[in-house]
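For reference, the chains in residue letters:
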Amino acid sequence: MTLKIVIDTDAAPAPYEQLRSQISAQARSGELPVGYKLPTVRGLAEDLGLAANTVAKAYRALEGDGVVETRGRNGTFVAAAGDAAERQAAAAAQAYAEQVHRLGLSRADALSAVQDALRATYRN
């Protein structure tokens, strides 16, 4: 198994976001198994032609999402991301539901707002 990343510098998402989303998708699909050691920040930056700060920003975001864990000098590894991601999604959904209820939106209007946001985010 190998990390497969393609960065399109002309694409709308910033390079760090492209990197973050591709690693996240590969980890969640199992293509990158739990415990897989990611390349060093400098090594990956060099391979992809990116600034080291760009890769570091993506790694920090992935760590914040629970997708990877940094073990000091030992490196950065794929974590058991599925459970953490699902918990965060459930918490975000609960917070959204409570907020729109307080605002007085109907279920249909709240669902419509979510569907619009998902279409805009996933671009379909």
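Residues numbered from 1 in each chain as written. Predicted model: local features only at pLDDT ≥ 70, side-chain atom pairs only at ≥ 80, totals over all residues. Heavy atoms only, no water.

- As named in an unreviewed UniProt entry, the chain is GntR family transcriptional regulator, taken from Streptomyces spongiicola.

## Focus on the layout of surface pockets
Here is step 1 of the chain: Within this model, the largest pocket holds a volume of roughly 250 Å³.
Here is step 2 of the chain: Every residue along the wall of the largest pocket is listed here: Pro 13, Glu 17, Gln 18, Arg 20, Ser 21, Thr 121, Tyr 122 and Arg 123.
Here is step 3 of the chain: For the lining of the largest pocket, the leading source of residues is helix 1 (residues 15-29), giving four residues.
Here is step 4 of the chain: Its residues assigned to classes, the lining of the largest pocket shows two nonpolar, three polar and three charged.
Here is step 5 of the chain: Its volume calculated, the second largest pocket comes out at about 160 Å³.
Here is step 6 of the chain: Forming the walls of the second largest pocket are Ala 92, Ala 93, Tyr 96, Val 114, Ala 117, Leu 118 and Thr 121. (1 Å grid on protein atoms, 1.4 Å probe; cavity = no way out; pocket = protein on both sides within 12 Å on 5 of 7 lines; lining within 4 Å. Points joined across faces, edges and corners; volume = space filled by probe spheres on them. Helix = DSSP H or I, 4+ residues; strand = E, 2+ residues; numbered from the N terminus. Nonpolar A, V, L, I, M, F, W, Y, C, P; charged D, E, K, R; others polar.)

## Digging into the packing of helix 2 (residues 41-48) against helix 3 (residues 52-64)
Here is step 1 of the chain: In contact at an axis separation of 8 Å, helix 2 and helix 3 are set at 120 degrees when each is read in the N-to-C sense. When the interaxial angle is binned, helix 2 and helix 3 end up oblique. Judged by the sense of rotation from one axis to the other, the crossing of helix 2 with helix 3 is right-handed. Here Val 41, Leu 44 and Ala 45 of helix 2 lie close against helix 3, whose contacting residues are Ala 52, Val 55, Ala 56 and Tyr 59.
Here is step 2 of the chain: Of the residues that constitute the contact of helix 2 with helix 3, the class distribution is seven nonpolar, no polar and no charged. (Axes fitted to C-alpha atoms, helices over the stretch in contact; angles between N-to-C directions. Parallel < 35°, antiparallel > 145°, perpendicular 65-115°, else oblique. Left-handed = near helix turned anticlockwise from the far one by under 90°. Contact = heavy atoms within 4.5 Å.)

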